[in-house]
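# Descriptive analysis of the structure
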Amino acid sequence: MKIAVINGPNLNLLGTREPELYGTATLSDIEAGLLKVAKELGVELSFSQHNGEGEMIDAVQGLRGRVDGAVVNAAAYTHTSLAIRDALVGVRVPFVELHITNIFSREPERRHSTLADAALAVICGFGTYGYELALRGLVKRLHGSVNV
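What counts, and at which threshold
Position numbers for residues start from 1 in each chain and track the written sequence from start to end. Under the rules for a predicted model, residues below a pLDDT of 70 receive no local features and side-chain atom pairs below 80 are neither given nor counted, while totals for whole chains, interfaces and linings still include all residues. Side-chain numbers come from the whole structure's heavy atoms, not from hydrogens or water. Here the term buried applies to any residue with accessible area under 20% of the maximum for its type, exposed to any over 50%, and partly exposed to those in between, with areas from a 1.4 Å probe on protein chains only. In DSSP terms, a helix is any run of H or I states spanning at least four residues, a strand is any run of E spanning at least two, and both are numbered starting from the N terminus. At least two DSSP bridges between two strands are needed for those strands to be called paired. When the strands point away from the viewer, a crossover counts as right-handed if the route from the first strand across the helix to the second turns clockwise. Every angle, taken between N-to-C directions, lies between 0 and 180 degrees, and every axis is a line fitted to C-alpha atoms, over only the stretch in contact when it is a helix. The contact criterion used is simple: two residues touch if any of their non-hydrogen atoms lie within 4.5 Å. One side-chain nitrogen of Lys or Arg within 4 Å of one carboxyl oxygen of Asp or Glu is enough to make a salt bridge. Take the buried Ala, Val, Leu, Ile, Met, Phe, Trp, Tyr and Cys residues and link them wherever side-chain atoms come within 4.5 Å; each set so joined is a nonpolar core.

Moving on, we get to the pairing of strand 4 (residues 95–99). In terms of residue burial, strand 4 counts as a mostly covered element, since 5 of its 5 residues are buried. Residues of strand 4 alternate between two faces, with F95, E97 and H99 on one and V96 and L98 on the opposite face, all of them buried. Note that strand 3 (residues 69–73) and strand 4 share 3 bridges and pair parallel. What sits directly across from V71, in strand 4, is V96. At this point the chain moves from strand 3, through helix 4 (residues 82–91), to the parallel strand 4, and the crossover so formed is right-handed. In the sheet, strand 4 pairs with strand 5 (residues 121–124) via 4 bridges, with the strands oriented parallel. If you follow L98 over to strand 5, its bridge partner there is I123.

Strands in a sheet are paired, the pairing made by backbone hydrogen bonds, and the direction either parallel or antiparallel. Overall, parallel pairing links the 5 strands, which are arranged 2-1-3-4-5 in an open sheet. Strands at the two margins of the open sheet, each flanked by one partner only, are strand 2 (44–49) and strand 5. If you compare each strand with its neighbour and ignore which way they point, the axes differ by 20° on average. In terms of strand pairing, strand 1 (residues 2–7) meets strand 2 through 6 bridges, oriented parallel. Bridge pairing in strand 2 links A4 to S46. In this fold helix 2 (residues 27–41) packs onto strand 1 and strand 2, with an angle of close to 165° to the strand it touches most, strand 2. Across the sheet, helix 3 (residues 53–61) is in contact with strand 1, strand 2 and strand 3; its angle to strand 1 comes to roughly 175°.

What follows is about the pattern of salt bridges. In total, this model carries 4 salt bridges according to the counting rule given. Here R136 makes a salt bridge to E132, at a shortest N to O gap of 2.8 Å. Separated by 4 residues within a single helix, R136 and E132 lie in helix 5 (residues 129–142), roughly one turn from each other. Because the salt bridges share partners, they merge into one network encompassing E40, E132 and R136.

Of all hydrophobic cores here, the largest spans 23 residues; its most connected members are I3, L14, L34, L45, V71, Y131 and L135. Within the residue set of this core, elements represented by two or more residues are strand 1, helix 2, strand 4 and helix 5. With 19 residues, the next largest nonpolar core counts M56, V67, A70 and V72 among its residues.

This part covers the environment of G130. Tracing the backbone through its elements, the reader meets G130 in helix 5. The exposure class of G130 is buried, given its relative accessible area of 1%. The spatial distance from the C-alpha of G130 to the C-alpha of V96 is 11 Å, given a sequence separation of 34 residues. Ignoring sequence-local partners within four residues, the contact set of G130 consists of L98 and I123.

Here you go:
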């Protein structure tokens, strides 16, 4: 099973960007942890991070036929990009939407997701541990071992 982990704008700054909100783990730290989980689960991971909306759309479109599912942290694009949502729906790759912080307890403009209705699940507020939760949950869903 192949899973893509796609990160949006400014997540390359994790570890130094607002550590009181996002913690001190870097994106590389998160990826290293996910590789350990992937080995345990017997899945293959690919990682990408994109600051530009168009770059992120291109990455999503490139998933068709290459992966079985995706973990997506669209960051600020979560709240604004119908184009990323349309790309995710268009490629028909099941995905879990992920956020490090609880977007529903933040500023009003961050409390809406354009992706949520198309996602298998939404995980937010567990810090960087949410990536592991998203990966484990996605793999269980794809194996059909989670009832919905």
